[in-house]
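Chain residues, written in single-letter form:
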Amino acid sequence: MNIQESINPNLKSNRVPSSDEVVALRSLIRAETVALESVKTSLAQAEGETITASKRVEEARLTLEAALSALSAAQETAATLSKLLEPIELSIRQKKGILHPLRRFPPELLLEIFQYRIDQDEWDRDLEADLD
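So, here is what we can say about the structure in this document. Source: prediction; values computed, not measured.

Reading the values: the criteria
- Here the residue numbering is sequential within each chain, running from 1 through the sequence in written order.
- A pLDDT threshold of at least 70 governs which residues receive local features in this predicted model, and a stricter bar of 80 or more applies before side-chain atom pairs are shown or counted, although totals over entire chains, interfaces and linings include all residues.
- Just so you know, side-chain values use all the structure's heavy atoms and leave hydrogens and water out.
- One speaks of a salt bridge when a side-chain nitrogen belonging to Lys or Arg is within 4 Å of a carboxyl oxygen belonging to Asp or Glu.
- Each helix is a run of DSSP H or I of at least 4 residues and each strand a run of E of at least 2, with the numbering of both proceeding from the N terminus.
- Residue exposure (1.4 Å probe, protein chains only): buried if accessible area is under 20% of the type maximum, exposed if over 50%, otherwise partly exposed.
- Only residues above 30% relative accessible area that lack a salt bridge enter a patch, with like-charged residues linked at up to 9 Å and the nonpolar side chains Val, Leu, Ile, Met, Phe, Trp and Tyr linked at up to 5 Å.
- To measure how exposed things are, a 1.4 Å probe is used in the Shrake-Rupley method; for residues, cover is taken only from the protein chains shown.
- For the purpose of charge, His is not counted, nor are the chain termini; Lys and Arg are scored as positive and Asp and Glu as negative.
- For this purpose, a charge sits on NZ of Lys, CZ of Arg, CG of Asp or CD of Glu.

1. Details of the pattern of salt bridges
Then, in step 1: This model, assessed by the stated rule, comprises four salt bridges.
Then, in step 2: A salt bridge links Glu65 to Arg61; the nearest nitrogen and oxygen atoms lie 3.1 Å apart. Here Arg61 and Glu65 lie together in helix H2 (residues 19–99), a separation of four residues that amounts to about one turn.
Then, in step 3: Residue classification places Glu65 among the partly exposed residues on the basis of a relative accessible area of 46%.
Then, in step 4: The partner of Arg117 in a salt bridge is Asp121, with the nearest N and O atoms 3.3 Å apart. With Arg117 and Asp121 both in helix H3 (residues 107–131), this residue pair falls four residues apart, about one helical turn.
Then, in step 5: When its relative accessible area of 27% is taken as the criterion, Asp121 is described as partly exposed.
Then, in step 6: One continuous salt-bridge network, built from bridges that share partners, spans Glu58, Arg61 and Glu65.

Here it is in structure tokens:
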């Protein structure tokens, strides 16, 4: 037996309440009905807020998913373009090499410059050998 059953004798018997009890019970029913309506209103509001929050979470999830997809696509594009850099840079270097002013020197002049350097190195070695 719980405490409410021991306090309220009407819960376990079929006794007819007195007129004072009827007035008190009706007053309690009105108060509990007001409280019940308040709880129902609060519950409906909480359920509405739950639905709104769930929709916002779903929208945020979709936005995040779209952003992640865009990020992945941008990363793939960057990786692909990065792979194209090296061949283009090599091609530019080769073409610049072809246009280098040194290529316009007459071969005879280049031969003379390099031959002079070789002769100079031989002369330096001979000098070092004589000094030793």
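2. Notes on a negative patch on the surface
Then, in step 1: A cluster of acidic side chains, namely Asp119, Glu122, Asp126 and Asp130, defines a negative patch on the protein surface.
Then, in step 2: Topologically, Asp126 is positioned in helix H3.

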